[in-house]
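# Structural overview
Chain by chain, the residues run as shown.
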Amino acid sequence: MSNVELGDSIPSLTPHAVSVSLPTWKDNVDYEKGERRVIDRITNGYPRFFIHKLITDFANDIPTVKYGTPNQKAMLFPSNKAAQRCCDFMSAKADHHFTADVRIIDLVLDKSLESSELAAKISPSVSAAIFHEDLFPVAKQYWQHSGDGISSRQAEFCHALFSESKLVDSRSSPSKLTQRIGPKRYQRDSVYQLYSKAKTVVSKKLEGSQQMLKDGAAEGQESTQFLEERFGRNLDISFVDNAKLAIRRRIAGSLLGEVDLAVELSSKMTSDSRGVKDLSDDDIYLYPCGMNAIFNTHRMLLESRGQLKSIMFGFPYVDTLKILQKFGPGCLFYGQGSSEDLDDLEARLKYGERYLALFCEFPGNPLLTCPDLKRIRRLADTYDFGVVVDETIGNPVNVHVLPYADVVVSSLTKIFSGDCNVMGGSAILNPEGRYYPQLEETFKTNYEDTYWPEDIIFMERNSRDFITRIRKINDNAEAICRILQAHPLIKQIYYPKDNPTAQFYEDCRTPNGGYGGLLSFTFHKIEAAIAFFDAIDTAKGPSLGTNFTLVSPYVLLAHFYELDWAAGFGVPGDLIRVSVGLEDEEDLRKRFLKALRAAENVEL
């Protein structure tokens, strides 16, 4: 993992990897500047920021091959409603000279293919927003902020059908082949063969490889069984409904460990393990990615509570703030997330200002500070606003934040999956929350299940051991913190256990909970930070919560063109963020000590 070259996927040899290798400080800077030496070598990237080439190829074919003109582009979504939201966003944000010709094409399976159980599970369809190429930057904003776009697996599968003219405009006349006759088993097989053909693309890429990931297999070893288990070539898509239910129950805490998806799961279960009573399967909503869970939670709150401004409390993950600013009436932003900020908010509330909901992270990224959820909950109950907590970094093994929230959101892409090869998100409604009846009704009425079945199958398999992984990662992260704390070149460490808001973390920590796998730190001199980063022998790229240690100059990647703005909230541009993995603790210690020696040499 540590020898992944510039632009290669992380994990390597993984067609649907979530991260990409940027192994030097300069690589990260040049990536943000758009330098060709970096951009031309990128095979994939974090999916909402870098549109996967499998998606791009499909999107390019739709207007050029059949449904548009050479000066048009397409953005692909899993439903007509999502595509319509993109079109509405373009109409609101772009030059009306170009928005007049924006339209949507709904591509569905040709009617000549008889329905079968497999076809029903896969439900191959794509809605394409087609527009003038000059509108692409605006459409890309929507794609990034909302997380509404299709996944690379969905693009791969549906592109294969489109190329064979089996995915067609829903408004077109039925194919002449609809009148064909013959045993239904052959018609069902035709759907299965199309499915298998689409999957073959991935299989061929994997079978030709002579390398292996180090996670659980000897380096350089070739093993068909390992490939099948790691990449899911032997997973049965017909189990998708059970897989969804298993994921929701793991999130709720009512299911621990593995489950046989071939056996029908028991009827609805409830759990008290999240710190609230009677949390049900039906209170968990799954989304294609974490940001889509946040985007839709905001939509549901606006639908149920009216057009009110929101509050962003604490330095945010970049797109959460963008969602609150660009969709709806806007937001009040407290970038420090301090007690003084809560004092100011309380004064505004006493004066009569009213808000939709307060959004926060627990802990925050990348400073790992925590909001005072107890005080926020008291203010919310007194002054009638919702509370939405993003628990991605804290995770439910370590902290229970649901008692203080109306909705808890999370990116399942991170530690819940761990393998860095599939996206996912969730939203949990608090059954004891004051807005639960109206939110439950709004979610049930407006929720669209757009999570691609193949992605669900991968997520279920990846998440089976997430509890034991988290506990190991907790221990490894504490060990790395101790090394950094003892080193004189380190200026500051950001970690939930050792910062001014540590008590707020302790308020929510579970009896056996740790402090998570994420930490950040700075050096006294930027030259030492660069030397350390270039020398550290780990994977280096965007994302977090991976089973392997992943290091990133996070602020450079997330806020390259607004570094002064970030610094104004105490977020330094030379910060290094570490997502600690499952490696042997002693091996990790040696890697960090070696990189620290490289930083020491700069000082000599």
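Refer to the structure presented above.
Below is a short write-up of the structure. (Residues numbered from 1 in each chain as written. Predicted model: local features only at pLDDT ≥ 70, side-chain atom pairs only at ≥ 80, totals over all residues. Heavy atoms only, no water.)

With that settled, the discussion passes to the overall build of the protein chain. When its secondary structure is counted, the protein chain shows 23 helices and 20 strands. Looking at the 604 residues of the protein chain, the share that counts as buried comes to 60%. Carbon and sulfur atoms make up 49% of the accessible area of the protein chain, which totals about 24,400 Å². (Helix = DSSP H or I, 4+ residues; strand = E, 2+ residues; numbered from the N terminus. Buried < 20%, exposed > 50% of the residue type's maximum accessible area, 1.4 Å probe, protein only. Areas by Shrake-Rupley, 256 points an atom, 1.4 Å probe, with all protein chains shown as cover.)

Taken as a whole and judged by the stated rule, the model has 33 salt bridges. With a closest N to O distance of 3.9 Å, K350 and E346 form a salt bridge. With K350 and E346 both in helix α14 (residues 339-351), this residue pair falls four residues apart, about one helical turn. Among the residues examined, K350 registers a relative accessible area of 58% and is labelled exposed. Between R591 and D587 there is a salt bridge whose closest N-O contact spans 3.1 Å. Within this pair, R591 and its partner D587 are both found in helix α23 (residues 585-603), separated by four residues, close to a single helical turn. Classification of R591 as buried rests on a relative accessible area of 19%. (Salt bridge = Lys/Arg side-chain N within 4 Å of Asp/Glu carboxyl O.)

So, on to unusual backbone geometry. With an omega dihedral of -5 degrees, the bond running from I10 to P11 counts as a cis peptide bond. Of note in this structure, N395 is not a glycine but carries a positive phi near 60 degrees. Mapped onto the elements of the fold, N395 is located in the loop between β13 (386-390) and β14 (407-411). One non-glycine residue, C420, lies in the positive phi region at around 60 degrees. Structurally, C420 can be placed in the loop between β14 and β15 (425-429). Using a relative accessible area of 1% as the deciding quantity, one classes C420 as buried.

Ranked by internal contacts, the top residues of the largest apolar core, which has 184 residues, are F58, L519, F521, F523, F532 and I576. The element contributing the most residues to this core is helix α18 (residues 466-485), with nine residues. With near-sequence residues (within four places) excluded, F532 lies in contact with F521, F523, I576, F592, A595, L596 and A599. Grouped together as the second largest cluster of nonpolar side chains are seven residues, L6, V38, F50 and L557 included. (Core = buried A, V, L, I, M, F, W, Y, C linked by side-chain atoms within 4.5 Å. Contact = heavy atoms within 4.5 Å.)

Note that S127 resides in strand β5 (residues 125-132). Look at S127 and you get buried, because its relative accessible area is 4%. At a separation of 3.1 Å, a polar atom in the side chain of S127 contacts the main-chain amide nitrogen of N80. The contact partners of S127, leaving out residues within four places of it in the chain, are M75, L76, F77, S79, N80, A83, I104, I105 and D106. (Polar contact = N/O pair within 3.5 Å; in protein donor to acceptor, adjacent residues only side chain to side chain.)

Overall, mixed pairing links the five strands, which are arranged β16-β17-β20-β19-β18 in an open sheet. Looking along the sheet, the strands with just one partner apiece sit at the ends: β16 (490-494) and β18 (539-540). In this sheet, strand β20 (residues 576-579) lies alongside strand β19 (residues 550-552) in antiparallel orientation, the contact comprising three bridges. Bridge pairing in β20 places L550 opposite S579. Each of β16 and β17 (518-523) is contacted by α18, which is oriented at about 15 degrees to β17, the strand it contacts most. (Pairing = 2+ DSSP bridges. Axes fitted to C-alpha atoms, helices over the stretch in contact; angles between N-to-C directions.)

Among the residues of helix α16 (residues 436-446), those classed as buried are Y436, L439, T442 and F443. Around the axis of α16, the buried residues are gathered within 135 degrees of arc, so they sit on the same side. The exposed set on the far side of α16, more than 90 degrees from its buried face, consists of P437, E441, K444 and T445. Turning to α16, the residues buried within the fold contact β9 (284-287), α12 (290-305), β14 and β15. (Arc of directions from axis to C-beta.)

This part is about the packing of helix α4 (residues 80-93) against helix α7 (residues 136-146). Between α4 and α7, whose axes approach to 9 Å, the crossing angle comes to 130 degrees. By the criterion of interaxial angle, the relationship of α4 to α7 is oblique. Seen from above, α4 lies across α7 with right-handed handedness. In contact with A82, R85, C86, F89, M90 and K93 of α4, α7 contributes V138, A139, Q141 and Y142. For the contact of α4 with α7, the residue count by class is seven nonpolar, one polar and two charged. (Parallel < 35°, antiparallel > 145°, perpendicular 65-115°, else oblique. Left-handed = near helix turned anticlockwise from the far one by under 90°. Nonpolar A, V, L, I, M, F, W, Y, C, P; charged D, E, K, R; others polar.)

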